[in-house]
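Residues per chain, in single letters:
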Amino acid sequence: MGRDVSESCIDSLLTEMVSTYCNRFYANKPELAARRTEAIGYQVGHQLSERYTMERPCFSDHLEAIKFICKDFWFELFKKQIDNLKTNHRGTFVLQDNRFRWLTRMSIDQSPENGTSEELSIMADNKTMQSMHLYFPCGIIRGALSNLGIPCAVSADISNLPACSFVIRIKA
Amino acid sequence: MIVCVAVVGHQNNPLYIQSFTDADDALKLHHIVHCSLDVVDERVNNPKKSGPTLNETFLGLLYPTENYKVYGYLTNTKVKFILVTTDLDVRDADVRNFFRRFHAAYVDAVSNPFHVPGKKITSRTFADRVSTIVQSFGLSSSV
């Protein structure tokens, strides 16, 4: 029962979703806006993981599930796999995507070495806005993993666009 | 003939139970489904490492009672499908086929944005699809 949607529609929808939550619904409460978009992502990830684990045998351990997220799940969502997976074997995983599809249209600010304080605060605002866009994919990962029986916390890091890394901390 | 299908969530909460007989033994069927959950848990926790069935989704015949046979299927997200049938000669392939179609219908029902995960499935489309699959199960195995 799959139907195709144009990718620019998805891009526009996501951009508008973040913008609406940040600027209209929770205008001065960025933490609440972040939590809401993450919760939306959680439900989407929950439902997507049902669909994409349909034909597969069960996962034997956490690493198998994370590898599923990196390969099949990411491929279904973004037409590519995660580029790099690191773990400390104690419940923390870092997934790195060198060209995150939903951030490809985002402008990359050149950080001025000695900018004025105005410019620096504008830079900080831009960074906040950029990180707002990452709560939705973090929610998707968290929803997918918790549906597979792995409660976790997911955060994202965009120190160098367009590469983006997601840090998954499994709750023991 | 299939008398009952059930979907049970990962905390053993019922998500969908539907019986297909005219008789009033719905309670007995619910009881059978409930008992079969124990068998499912047992199979999951003590996997038979001898065969190649370590990570299978289809659990096979759970246990035969005097009139019924109960089949189980476990998804990756720990959702269990239980099938109760009165057929005496049921082919394995038919049951697997049934569960595959049932799983597809379940995934579509859960992808409904108005469905709350953990609550019962109230979609009529899902109920219609399930009864279609149940009807065609009877037909294909009678060949």
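- Chain B appears in an unreviewed UniProt entry as Trafficking protein particle complex subunit 2-like protein from Gossypium hirsutum.
- Listed under Sequence similarities (unreviewed entry) in UniProt, the entry text for chain B is "Belongs to the TRAPP small subunits family. Sedlin subfamily."

- Named according to an unreviewed UniProt entry, chain A is Trafficking protein particle complex subunit 6B isoform X2 originating from Gossypium hirsutum.
- Looking at the Sequence similarities (unreviewed entry) heading of the UniProt record, one finds this comment for chain A: "Belongs to the TRAPP small subunits family. BET3 subfamily."

### Structural notes on the interface of chain B and chain A
So, point 1. In this assembly, 21 residues from chain B lie in contact with 17 residues from chain A.
So, point 2. Between chain B and chain A the total buried area reaches about 1,600 Å² when both faces are included, carbon and sulfur atoms providing 52% of it.
So, point 3. For the pair chain B and chain A, the interface holds one salt bridge.
So, point 4. The closest approach of N and O atoms between Arg51(A) and Asp108(B), which form a salt bridge, is 2.9 Å.
So, point 5. Inspection of the chain B/chain A interface yields seven residue pairs in polar contact (both at pLDDT 80 or more).
So, point 6. It is helix 2 (residues 92-110) of chain B that contributes the most residues to the side of chain B that touches chain A, seven residues altogether.
So, point 7. In terms of residue class, the side of chain B that touches chain A is made up of eight nonpolar, nine polar and four charged.

### Some thoughts on the sheet that holds strand 4 (residues 164-170) of chain A
All names here are of chain A.
So, point 1. With antiparallel pairing, four strands are arranged side by side in an open sheet as 1-2-4-3. This sheet does not close on itself; its edge strands, each paired only once, are strand 1 (84-87) and strand 3 (152-157). Strand-to-strand twist of the sheet, defined as the mean angle between neighbouring strand axes without regard to direction, takes the value 20 degrees.
So, point 2. Pairing of strand 3 with strand 4 involves six bridges; the strand directions are antiparallel.

### Observations concerning helix 3 (residues 62-78) of chain A
All names here are of chain A.
So, point 1. Helix length check: helix 3, at 17 residues, gives a terminal C-alpha distance of 22 Å against a target of 24 Å (1.5 Å per residue), a fit within 8%.
So, point 2. In helix 3, a bend of some 35 degrees at Ile69 exceeds every other bend along the element.
So, point 3. Summarising the contacts, the buried residues of helix 3 are in contact with helix 2 (30-52), strand 1, strand 2 (92-97), helix 5 (135-147) and strand 4.
So, point 4. Phi for Lys79, located one or two positions after helix 3, is positive at around 60 degrees.

### Re the packing of helix 2 of chain A against helix 3 of chain A
All names here are of chain A.
So, point 1. Where helix 2 contacts helix 3, the two axes come as close as 11 Å, and the packing angle between them is 100 degrees. By the angle between their axes, helix 2 is roughly perpendicular relative to helix 3. Counting all contacts with helix 2, which are made through Gly45, Leu48, Ser49 and Tyr52, the residues of helix 3 involved are Phe68, Phe73, Glu76 and Leu77.

How each quantity is defined
- Residues numbered from 1 in each chain as written.
- Chains lettered and ligands numbered in written order.
- Predicted model: local features only at pLDDT ≥ 70, side-chain atom pairs only at ≥ 80, totals over all residues.
- Heavy atoms only, no water.
- UniProt positions renumbered as here; feature names shortened; annotations may be inferred.
- Contact = heavy atoms within 4.5 Å.
- Buried area = accessible area lost by both parts, 1.4 Å probe.
- Salt bridge = Lys/Arg side-chain N within 4 Å of Asp/Glu carboxyl O.
- Polar contact = N/O pair within 3.5 Å; in protein donor to acceptor, adjacent residues only side chain to side chain.
- Helix = DSSP H or I, 4+ residues; strand = E, 2+ residues; numbered from the N terminus.
- Nonpolar A, V, L, I, M, F, W, Y, C, P; charged D, E, K, R; others polar.
- Pairing = 2+ DSSP bridges.
- Axes fitted to C-alpha atoms, helices over the stretch in contact; angles between N-to-C directions.
- Expected span 1.5 Å × (residues − 1).
- Bend = angle between axes of the 7 residues up to and from the residue.
- Parallel < 35°, antiparallel > 145°, perpendicular 65-115°, else oblique.

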